[in-house]
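Residue-level structural notes
Here are the chains, one letter per residue:
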Amino acid sequence: MVDVANEFLLSTQLKEFLEYEAKKNPIKGDGNKFSWDEKGVQSDRVSTGGSGLLDAIYLKKPTEGTVVVEKSVAALIQERISNLEEEITRMRSRVRFFKIAILIFFVATMMLVGEVFALLRGG
Amino acid sequence: MGDLRDKFKTLEREVGARFIGNKDAIHALILDQLHQRSASLVRAHRGLGKSTLMLLILKGLCGEDLVVISGASEVKRGEVVGRLHIPSLEREGVEKVLWAAFTKAKGKGLDEVNRLNPYTSANVHHLMQFGEVWAYGQRTGVEDYVLLANENPGDPTTFIHPPPFYDRFDICVYLSSLTWREKFMLQDLIEKYEGRLVESMPQVLSLEELEEARKEVSSLRMSSETLGQINLLVRDFQVCIRNREESEVKPPALCEGCHFIRDVCSSIKEPPSERSTSVLTHLAKAMTWLDGSVSFNGLLKASLWVLPHRMALVRVRNLLQDINALLDRERAKTEDRDSRKQWAILNELYKGYTPALYRLGKEAASEDIVFAEELMRLEDQWVKEGKVRGEETISVQMGWKLPGSWRGDRA
């Protein structure tokens, strides 16, 4: 198989688009450290950017002393918790169903064994 | 060029002078005529003028060289394409096909398209797909045309045509009923033209001029910014980190517990086809040619004509309003992307792997699936090159998978 994955074939238009966007919204960095935000020109929207809590949950990053959570992130976590709770409720009802099924099966088996013993004695 | 543009503006004015209201729909239909083999669909409830609008545009472009077939009348199987010449068969034993007027006409109208029988719609579908028609084992090519169709989606006596058939229509515009003021205007108009709105419509362009205009528009080159916006818009409506396209389980069940459950993707049951991209590009070119420029808002507006007949939403209350709401979210998403400066990050990452930038990229990827897809492709390459360990990648950490990839590749 020819391995074409070593080099990305980017179309000229895509390169131009990325260059254009990079000029429009440049990132600040010195080679080792980069940041999204430009000091002093943070808008409200930007200042509510990433969240340490999400990084800790999804990217397994260690959390710092205090974690500040913005409203949208809190809503996202709330949504995910409610989804998980719904999942737990569904699972619990399934477990209950299986418990009852197993109990009925057990009782039926016992009755069958009793019948077999009774038949053997009678025979 | 200016002359042709003026003629198209005149066409829009002439149609607007005979059709009250729905100015956006008229403009969309005019824009869509600016590329070869155009096919436009008008949807409206009965009596809102969808057939009139179709005829006005066909007449304005093709004059008398137009044929309309109607789903409301009896169209026999295959008759729309051609019929057998019986005398030739009887006298000479030769199967000679007489190609139907619909096949030969430059202007093709399909009235009540959802009432066309499946055989006729299959013939029309083949014509739109391959630019040719078949009858009695013979084929003939169909030259460039203008095709306009209309339907009433609420009509009970309809056939359900397959989604690929509707996908062949470049745009689908909806007509709304007239406001109180507009009703007065319509009464004046009917009086002025003595009820002969369509008959009074002049042919504004010759067919040669139409062809020339289409060539001019086609030769335009769009800026990379516009192309990037179009591709992002369509990708946002297609993408699913759980690969909706190949999944038997569809949203909302598929989205249970998904990281991107609050994103646009979770509202889409069936994504739009790749054709949306080319149609939006055609429309962007047409806007540039006719209106002088194309903006992001213009593209969002055009999406309202391109997407409704190509996708299915999870919950529909009012299709146009629901798509409008999704497009509003797209606008906010674009701002978020700008504030994250993610394209600048991707630009650098394409040039080479930088750990600090990769970390920022991972954060951006957890907010945007389209970006995540691109980053995951880069990760694949970096894992192969030994720059990144498999378990460090966002795809492993988040349990995401690119369509068609095998997790074992990361091992």
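Sequence order as written defines the numbering, with residues in each chain counted from 1. Labels are handed out in written order, letters beginning with A for the chains and numbers beginning with 1 for the ligands. Per-residue local features of the predicted model are confined to residues with pLDDT of at least 70, and side-chain atom pairs are confined, for both listing and counting, to 80 or more; whole-chain, interface and lining totals are unaffected and use all residues.

Before going further, it helps to spend a moment on the domain arrangement of chain B. Interfaces are often described in size by the accessible area the parts lose on coming together. Residue and element names in this part refer to chain B. Either an automatic procedure or a domain database provided the assignment from which the domain bounds are taken. Each assigned domain of chain B is listed with its residue range as follows: domain 1 (2-218) and domain 2 (224-410). Centre-to-centre, using C-alpha coordinates, domain 1 lies 35 Å away from domain 2. C-beta atoms are placed from the backbone for every residue, and two residues are taken to be in contact when these atoms lie within 7 Å. At the interface, 18 residues of domain 1 touch 16 residues of domain 2. It is strand E9 (residues 171-174) that contributes the most residues to the side of domain 1 that touches domain 2, 4 residues altogether. Polar here means any residue other than Ala, Val, Leu, Ile, Met, Phe, Trp, Tyr, Cys and Pro, which are nonpolar, and Asp, Glu, Lys and Arg, which are charged; Gly is therefore polar. A per-class count over the side of domain 1 that touches domain 2 returns 12 nonpolar, 1 polar and 5 charged. Segments assigned H or I by DSSP are reported as helices when at least four residues long, segments assigned E as strands when at least two residues long, and all are numbered from the N terminus.

As a further point, take the environment of glycine 154 of chain B. Tracing the backbone through its elements, the reader meets glycine 154 of chain B in the loop between strand E8 (146-151) and helix H7 (163-167). Note: C-alpha distance between glycine 154 of chain B and arginine 43 of chain B (111 residues apart in sequence) is 9.6 Å.

The next point concerns the environment of proline 26 of chain A. All names here are of chain A. Examined against the element boundaries, proline 26 turns out to sit in the loop between helix H1 (12-24) and strand E1 (28-29). Residue class for proline 26 comes out exposed when judged on the 12 C-beta atoms lying within 10 Å of it. Once the C-alpha coordinates of proline 26 and leucine 84 are considered, the two residues, 58 residues apart in sequence, prove to be 39 Å apart. With C-beta atoms placed from the backbone, a residue counts as buried when 20 or more other C-beta atoms lie within 10 Å of its own, as exposed when 12 or fewer do, and as partly exposed for counts between those limits.

Residue and element names in this part refer to chain B. Pairing between strands is defined by DSSP: at least two bridges between them are needed. Within the open sheet, the 5 strands sit side by side as E2-E5-E8-E1-E9. Their pairing is parallel. The open sheet is flanked by strand E2 (66-70) and E9, the only strands paired with a single partner. On average, each strand axis in the sheet is inclined to that of its neighbour by 15°, with strand direction left out of account. Pairing of E2 with strand E5 (residues 107-111) involves 5 bridges; the strand directions are parallel. Across the sheet, the residue bridging to valine 68 is glycine 109, located in E5. Most of the contacts of helix H3 (residues 50-62) go to E8, to which it runs at about 175°, and overall it touches strand E1 (38-43), E2, E5 and E8. To obtain an axis, a line is fitted to C-alpha atoms, over the contacting stretch when the element is a helix, and the angle between two such axes runs from 0 to 180 degrees between their N-to-C directions.

What follows concerns the pairing of E1 of chain B. Residue and element names in this part refer to chain B. In terms of burial, E1 is largely enclosed, as 6 of its 6 residues are buried. One ladder, built from 4 bridges, connects E1 with E9; its direction is parallel. Bridge pairing in E9 places arginine 43 opposite tyrosine 174.

Once that is clear, we can look at the interface of chain B and chain A. Every contact between the two is made by 30 residues of chain B and, on the other side, 32 residues of chain A. Take the side of chain B that touches chain A: its biggest share by element is 6 residues, from helix H14 (residues 342-351) of chain B. Residue classes in the side of chain B that touches chain A are distributed as 11 nonpolar, 8 polar and 11 charged.

Take the environment of methionine 91 of chain A next. Summarising the element assignment, methionine 91 of chain A is placed in helix H4 (residues 71-122). Once the C-alpha coordinates of methionine 91 of chain A and aspartate 55 of chain A are considered, the two residues, 36 residues apart in sequence, prove to be 29 Å apart.

Moving on, we come to the pairing of E5 of chain B. All names here are of chain B. The buried fraction of E5 is high, at 5 of 5 residues. Residues Gly107, Gly109 and Asp111 of E5 are buried on one face, and the alternating residues Lys108 and Leu110, pointing to the opposite face, are buried as well. In this sheet, E8 lies alongside E5 in parallel orientation, the contact comprising 4 bridges. Note on E8: the bridge partner recorded for lysine 108 is leucine 147.

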